[in-house]
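Structural characterization, general
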Protein chains: 2
Amino acid sequence: MKNVLLVLAHPDSQSLNAQLLSVAQEELQAQGHTVVVSDLYAKNWKAVYDERDFPNRLDETRLSFVAESGHAYRNHTQPSDIVEEQAKLMAADAVVFQFPLWWFGMPAIMKGWIERVFAYGLAYGYRDEGNRFRYGEGGLQGKRAVLSVTVGGPESDYTPRGINGQLEELLFPITHGTLFFSGMEVLPTFAAYDVHRLDVHDIEHTKAALRARMRSLFDDAAIAYRTQNGGEYPDRHILADEIARGCTGLGVHLR
Amino acid sequence: MKNVLLVLAHPDSQSLNAQLLSVAQEELQAQGHTVVVSDLYAKNWKAVYDERDFPNRLDETRLSFVAESGHAYRNHTQPSDIVEEQAKLMAADAVVFQFPLWWFGMPAIMKGWIERVFAYGLAYGYRDEGNRFRYGEGGLQGKRAVLSVTVGGPESDYTPRGINGQLEELLFPITHGTLFFSGMEVLPTFAAYDVHRLDVHDIEHTKAALRARMRSLFDDAAIAYRTQNGGEYPDRHILADEIARGCTGLGVHLR
């Protein structure tokens, strides 16, 4: 049995996001897993990363977030809310992020959770080694992650040639650049589209689909991003010429 | 002469971001433009979009951000901080966003500026017409926008086959999905890389490059994103078969 952290970014307990969070929680518990929830709006999460996060400064004259993050993490001088979320994260075998897609990304409150909790020395600069451990290795290696998003627009807008861009490519800064970067295995995104037009039947269908995803959370194949240190980026972290030869675009980072 | 709004997301007045903001401001003023600054940390900008932004609710039982945003914008019941920023935005002929790239996106405080200021009826759902005016048309049509970012990593990581993904594709949810979506012409991103390793000479070089970009702010060619209503997305907003035939990836949305 595993530990799962669910992170929620919607303030309304009646919202589809809150309903999906509950569905995920119930299904995971039914499977025997232990579930912990971080309901960011309910806990009035401090979204803004600022000098108050570094009560014991390395340098009082200049604020370098990277340097101060490493200093605070290393010396155990982070604020208690960050420490608590890091403890939940480190105890988790998998993390589910449940949020409405706002301007093709996470709500600010959840972005601020990433910024404050994903410290230097842990989620980046692992072991104070700069970029040595990254993309498949790092402080969060061995954990799984999945985004579960509600989307206002129709699914066709998010298809490979849809006007918004493909959903998984829009989320690449999060899935690849944040979660895989830190060492996590990232599962394909779960998305509910056209959420303002769903009827009762559609919502039940969506919930059933999420339940199925939660049942296979520890079995599903992760997105096949290329690892930094597996040999595919031999020179200055640029993809080797012979791999996806002549191609560009975010898709080249997928096996 | 034009009006330019500069939006800054860094709390340290000595930071490279603050220095670049000042450089942009000085250069634009030297050109005779009128410059207004929104220094988000200095003004303690409320980053979290929540029920406090809708003091006069359309529906007290469920919180739909889309519905309440439209209701508040339409009925002039938005909080004063949002109204003030919308007034600055609407007065501007161009907007410069100055921020450090955190997890391949905007800091939460700036994401929260977008979420709260880019209201339904204005930046999306223009004229209460749903998705009719979008990508090249909309409430912000006629304005220019440019992102100016500081980046911790080396430029090679952000090249077309660099491990992070190409910078302009990582920023696509902002440049295409937010700014062009709302009708703005978006200029190529200005980026300073490896910012923790810059010496005095490098910083002067970066500032000179930004000054040059500010001098040509109203002359530079915008990123050639395809417009929604120009005929290239004829059916359900999917790119016509004969355009970039067989291709996928975010790059297909560029002419």
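Residues numbered from 1 in each chain as written. Chains lettered and ligands numbered in written order. Predicted model: local features only at pLDDT ≥ 70, side-chain atom pairs only at ≥ 80, totals over all residues.

Focus: the relation of the copies chain B and chain A
Between chain B and chain A, the superposition needs a rotation of 180° and an axial shift of 0.0 Å, giving an RMSD of 0.0 Å. These values place the two chain copies in the arrangement generated by a two-fold rotation axis. Considering only C-alpha atoms, the part of chain B nearest the rotation axis is Ala108(B), at 2.3 Å. Counting the interface residues of chain B, we find that 100% of their copies in chain A are interface residues as well, pointing to one common contact surface. (Least-squares fit on C-alpha atoms with pLDDT ≥ 70 in both. Contact = placed C-beta atoms within 7 Å.)

Observations regarding the interface of chain B and chain A
Of the residues lining the interface, 56 residues belong to chain B; the matching set on chain A comes to 56 residues. When residues of the side of chain B that touches chain A are traced back to their parent elements, those giving at least two are helix 4 (108-117), helix 5 (167-170) and helix 6 (172-180) of chain B. With six residues, helix 4 of chain B is the single largest residue contributor to the side of chain B that touches chain A. Along the lines of polarity and charge, the residues of the side of chain B that touches chain A split into 25 nonpolar, 21 polar and 10 charged. (Helix = DSSP H or I, 4+ residues; strand = E, 2+ residues; numbered from the N terminus. Nonpolar A, V, L, I, M, F, W, Y, C, P; charged D, E, K, R; others polar.)

Overview of unusual backbone geometry
Residues and elements named next belong to chain B. Even without a glycine there, the phi angle at Arg127 is positive, about 60°. You can see Arg127 is positioned in the loop between helix 4 and strand 4 (144-150). For Arg127, a count of 11 C-beta atoms within 10 Å puts it in the exposed group. Although it is not a glycine, Asp128 adopts a positive phi angle of roughly 55°. Tracing the backbone through its elements, the reader meets Asp128 in the loop between helix 4 and strand 4. Given 11 C-beta atoms within 10 Å, Asp128 falls into the exposed group. (Buried ≥ 20, exposed ≤ 12 C-beta atoms within 10 Å, placed from the backbone.)

Considering the packing of helix 3 (residues 80-91) of chain A against helix 4 (residues 108-117) of chain A
Residue and element names in this part refer to chain A. It is the contact of helix 3 with helix 4, at a shortest axis distance of 10 Å, that shows an interaxial angle of 90°. Here helix 4 runs roughly perpendicular to helix 3, going by the angle between their axes. Touching Ile82, Glu85, Gln86 and Leu89 of helix 3 are Trp113, Arg116 and Val117, all from helix 4. Residues that form the contact of helix 3 with helix 4 fall into these classes: four nonpolar, one polar and two charged. (Axes fitted to C-alpha atoms, helices over the stretch in contact; angles between N-to-C directions. Parallel < 35°, antiparallel > 145°, perpendicular 65-115°, else oblique.)

Focus on the environment of Thr189(A)
Residues and elements named next belong to chain A. With respect to the helices and strands, Thr189 occurs in the loop between strand 5 (185-186) and strand 6 (190-192). For Thr189, a count of 19 C-beta atoms within 10 Å gives the class partly exposed. The spatial distance from the C-alpha of Thr189 to the C-alpha of Leu147 is 5.0 Å, given a sequence separation of 42 residues. Setting aside residues no more than four positions away along its own chain, Thr189 makes contact with Leu147, Val149, Leu167, Glu168 and Leu171.

A closer look at the pairing of strand 4 of chain B
All names here are of chain B. Within strand 4, seven of the seven residues are buried, which leaves the element mostly enclosed by the surrounding structure. Once the chain exits strand 3 (residues 94-100) it traverses helix 4 before rejoining the sheet at strand 4, and the crossover so formed is right-handed. Pairing geometry for strand 4 and strand 6 (residues 190-192), over three bridges, is parallel. Within the sheet, the bridge partner assigned to Ser148 lies in strand 6 and is Phe190. (Right-handed = clockwise from strand over helix to strand, strands pointing away. Pairing = 2+ DSSP bridges.)

A word on the environment of Ala224(B)
Counting through the fold element by element, Ala224(B) comes out in the segment after helix 7 (200-215). Once you skip the residues sitting within four places of it in the chain, Ala224(B) turns out to touch Leu254(B) and Arg255(B).

What to know about the domain arrangement of chain A
Residues and elements named next belong to chain A. On domain assignment, one finds that chain A holds domain 1 (3-222) and domain 2 (224-255). Between the C-alpha centres of domain 1 and domain 2 there is a distance of 25 Å. The partner domain 2 presents six residues to the eight residues of domain 1 that form the contact. In the side of domain 1 that touches domain 2, the residues fall into three nonpolar, two polar and three charged. (Domains from an automatic or database assignment.)

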